[in-house]
Each structure stands twice: as structure tokens, then as C-alpha cells.
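Spelled out, the chains give:
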Amino acid sequence: MLRNEEMIEQGRALAADCRRELTEHILPFWNQLSDPRGGFYGRMDAALKLYPDAPKGVILHARILWAYSSAYLALQDSVLLEHAAHAYRFLRTYCYDKAYGGMFWSVTAQGEPCDTIKHTYNQAFCIYGLCAYYRASGDVTALELAEKLFDTIEEKTPDAYGYGEAFTRDWQPADNEALSENGLSAVKTMNTVLHLVEAYTELYRVTRREQVAQRLRWLLDLTRNRIYDPERCALRVFFDGQWNEIGDVYSYGHDIEASWLLTRACDVLEDETYTAAFAEIAVRIAGKIQSCALEQGALNDEYAAGSINKKRVWWVEAEGVVGFLNAYQLSGDPAFFRTAQQLWRYIRTYQIDRREGGEWHAEVAFDNVPMQVFDMAGPWKCPYHNSRMCLETMQRIRAMTQG
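A brief look at the structure comes next.

What counts and what doesn't
- Residues numbered from 1 in each chain as written.
- Predicted model: local features only at pLDDT ≥ 70, side-chain atom pairs only at ≥ 80, totals over all residues.
- Heavy atoms only, no water.
- Helix = DSSP H or I, 4+ residues; strand = E, 2+ residues; numbered from the N terminus.
- Buried < 20%, exposed > 50% of the residue type's maximum accessible area, 1.4 Å probe, protein only.
- Core = buried A, V, L, I, M, F, W, Y, C linked by side-chain atoms within 4.5 Å.
- Contact = heavy atoms within 4.5 Å.
- Phe/Tyr/Trp six-rings, centres within 6.5 Å; stacked < 30°, edge-to-face > 60°.
- 1 Å grid on protein atoms, 1.4 Å probe; cavity = no way out; pocket = protein on both sides within 12 Å on 5 of 7 lines; lining within 4 Å.
- Points joined across faces, edges and corners; volume = space filled by probe spheres on them.
- Nonpolar A, V, L, I, M, F, W, Y, C, P; charged D, E, K, R; others polar.
- Pairing = 2+ DSSP bridges.
- Axes fitted to C-alpha atoms, helices over the stretch in contact; angles between N-to-C directions.

1. Points about unusual backbone geometry
Then step 1. Unlike most non-glycine residues, Ala305 shows phi in positive territory, near 50 degrees.
Then step 2. Locating Ala305 in the fold gives a position in the loop between strand S14 (302–304) and strand S15 (307–309).
Then step 3. Not every positive phi belongs to a glycine, and Asn368 is a case in point at roughly 75 degrees.
Then step 4. Relative to the helices and strands, Asn368 is located in the loop between strand S17 (363–364) and helix H12 (385–401).
Then step 5. Here Asn368 falls in the partly exposed class, since its relative accessible area comes to 23%.

Written out as C-alpha cells, the structure is:
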């Protein structure tokens, strides 16, 4: 609960702002990228130039499917469900590999296989989007496909230490270039584990399948025992195949995102032991990010090899709002609520692109000038983090102002 009338009023104003941003800006931007040939256009650059024949990322479409399905669940606007169905038909028809199973990394603008790498991270996002679409539409074929992807992950990707990440089209191990960064060659990543947690949480929510619950608990145990560093109150990022850390990287955005996704997983599992343990971890992570990453009203990007990258990345700021609201709900510390408000003010002032036809700037320099080097829409720039921030804020403020 918000503590006093002033906080309640501020919370409702924040939720109203987020609803307007979602319905009047974010979703209308993505509406215009719907491709009548199927799915959504694969690229718009930072200058707002559309590339109709660019390859279409499967992660892009999985996240679009999640965004429209979740927005429909919250807003009950049938147009949103139509856009979700458009994304679903494209994923089901063109992105699923009928020969070897699993989802491609990308397809051409016309829907032919393009990059046929099979990545566990990608399969997870498709499960996430398909579960949301099932909840929104009741279409059992979407749930069947989500369960098929779960079974494929569990059959094709496990090794002696957990889940492999990158594979060829026929599921032979491959280099993990897609999720390796900072000059490192990682075999396993925190990022893939986190989004498996995210996907399995939603699959368990809709199926209550015990095998899914078992694997979700295993992932949570892995996170708590090998990925989370209790001394730094941070998540280790890159690993070799045996979960030995490589590199010196601290991803502020992933930490604050993980803080609430992990507690969401525990809530869905309805396991008091996990809930208590990860609530403590979430508050510790949020406190650490607040102290080390928050600077001049926004979150810096990451720490790597002795230096801090101070650019402001759209998804890091968005996840910060949700993560700090979650930390406030868990702890009652009003400093977390104030930090969420502070991040929203920064987003509203600098991260949102006010140009006609724009959405959010992907990256803003520390001096608050848009960097204009990263695409406005593309394989990684999707309506996922920012639409989810709006939806989570609306839901959480509503819960905090009731009663």
C-alpha cells in the first residue's frame, strides 16, 4: 500500500501517464509496422527510415506477440487482439522449423528461413509470447506450440551442467555469438537463464504442469546458488560451460529486471520458501542498483572491465521503473517508490522520441542527447520492455491504491 494521500495521488498520476504512453504512443507506433504480407516489418532505423524487405527477427515477433496480447488483457480493445493474432499467425506459419523443431532466429521479409540458428533464449521468448496470446485469445494451438517448444528445449539443449544455448538448425552445438558481448565468448549466460525463468513462469501459470514447475525451481536454484553473487548483490553475467564466471561485467539493467522477474516466478509457483528467499534478494539488488547505477536521474548501462558505460538504454530505464516499484512493494521503503518516479521523469523527458513517427530512443548519451545509432525497430528493439513497464506500473499502482 502507498503510505499516504500524497503518495496515492502521485501513484495514480504515474499510472495515468503510463497508460497514455502505452495507448497513445507506443502501440500506435507498432501498429504502423504491421506488414500486410505477414508479421511486422523487420527494421526501421534511427532516422525513422523503414526497410520493408529487411529480415524479420523471431525474437522481435515473439515480443510483439507478448506486447499486444498483454495489452489486450489489460485494456480489452479488440484491435489489439487482432494485431496479436497477426503476429501469431506469422510465428506459427513461418518461424517454426517443421523439419527439426524449434524456432529460427530470423526469416526473410517473405517468411523464408534466413538465420537458422536455434537459440534457447529465442525459444524461451516464443514460449513467453505464446502463453500471453493463449491467455488473451483462448487459442489452444498457441498453448500447444508453447508446450512443444518447452519439450524441445528439455530434449535438445540440456548438458551435464544445465542448458546449452546455441545450436545449428539440426541441434548440434554452435558458438554462442548471439548472446556474447564485451569481447567475451560465453558458453552460458545469465541472460538466457533469466528468460527461461520468465518463460517457464508463464507456461506454468497457464498449464500448472508439474514438469514445468520442477524445471522452474531448478532454474531458480541455479540463479540463487551460482549466478547471484551475495557479496556484490549482483548477478554474474557470462560463464564457461561449467558455470565458472568469465569477464568482469555487471549489467545494471539485467539485475533490476531480474529482481522482479524472479519474485514473479516465486509468486506463480506459490512456494513460500522460494518467495521469502527471492524477496530478500530482490530488495538487496534494488538497493545496490540504487546506490551504484543511479546517476543524474537515470540508470547507467553497465560496468565492464573497470569502467562504467553511462549511456541510457531504453530497456534499462523501463525495467528500472518496474524493479523499483517491486522493491517498494516488498520492503515498504518509500525511497524505492521515489526512484521509480525519478526514472519515469527521465524517460518522459529524454528517452521518449517526440518526433512524428518515433517511439523511444534506443540509447541516450550521458548528456541527454539521443545517440541515433541504434535502430528504432529491429531484431532487438521491440515493444516489450516499455509496454511491459506501462502495464506493470498500471497494475501495481492499482494494487497499491486499493483498500
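2. Section: the nonpolar core
Then step 1. Counting residues in each nonpolar core, the largest one holds 138 residues, and the members touching the most others are Trp30, Ile127, Tyr200, Leu220, Phe324 and Met389.
Then step 2. Tallying contributions element by element places helix H2 (residues 58–75) first for this core, with 12 residues.
Then step 3. Once residues lying within four places of it in the same chain are set aside, the contact partners of Met389 are Cys18, Ala318, Val321, Val322, Trp344, Ile347 and Trp360.

3. Brief notes about the packing of aromatic side chains
Then step 1. Counting across every chain of the model gives 21 aromatic pairs.
Then step 2. Each ring, one from Trp66 and one from Tyr384, has its centre 6.1 Å from the other, and the planes form 90 degrees; the classification is edge-to-face. One end of the pair, Trp66, is in helix H2; the other, Tyr384, is in the loop between S17 and H12, and 318 residues separate them in sequence. Here Trp66 and Tyr384 have matching classes, each one buried.
Then step 3. Both rings, one in Phe125 and one in Tyr384, keep their centres 5.2 Å apart while their planes meet at 90 degrees; by these two values the pair is edge-to-face.

4. Brief notes about the layout of surface pockets
Then step 1. By volume, the largest pocket is sized at about 640 Å³.
Then step 2. Residue lining of the largest pocket: 28 residues in total, with Glu181, Asn191, His254, Trp315 and Trp380 positioned closest to the centre.
Then step 3. Classifying every residue of the lining of the largest pocket by side-chain character gives 13 nonpolar, eight polar and seven charged.
Then step 4. Of the pockets and cavities examined, the second largest pocket occupies roughly 470 Å³.
Then step 5. Lining the second largest pocket we find 20 residues, and of these Ser70, Arg135, Arg264, Glu392 and Gln395 sit closest to its centre.
Then step 6. Per-element tally for the lining of the second largest pocket: the top contributor is H12, with six residues.

5. Considering the sheet that holds S15
Then step 1. One open sheet accounts for three strands, arranged S11-S14-S15; its pairing is antiparallel. Edge positions in the sheet fall to strand S11 (249–251) and S15, since each of these pairs with one other strand and no more. Across this sheet, the average inter-strand angle for adjacent strands is 20 degrees, counted without regard to direction.
Then step 2. Across the sheet, helix H8 (residues 252–269) touches S11, S14 and S15, and the angle it forms with S11 is around 50 degrees.

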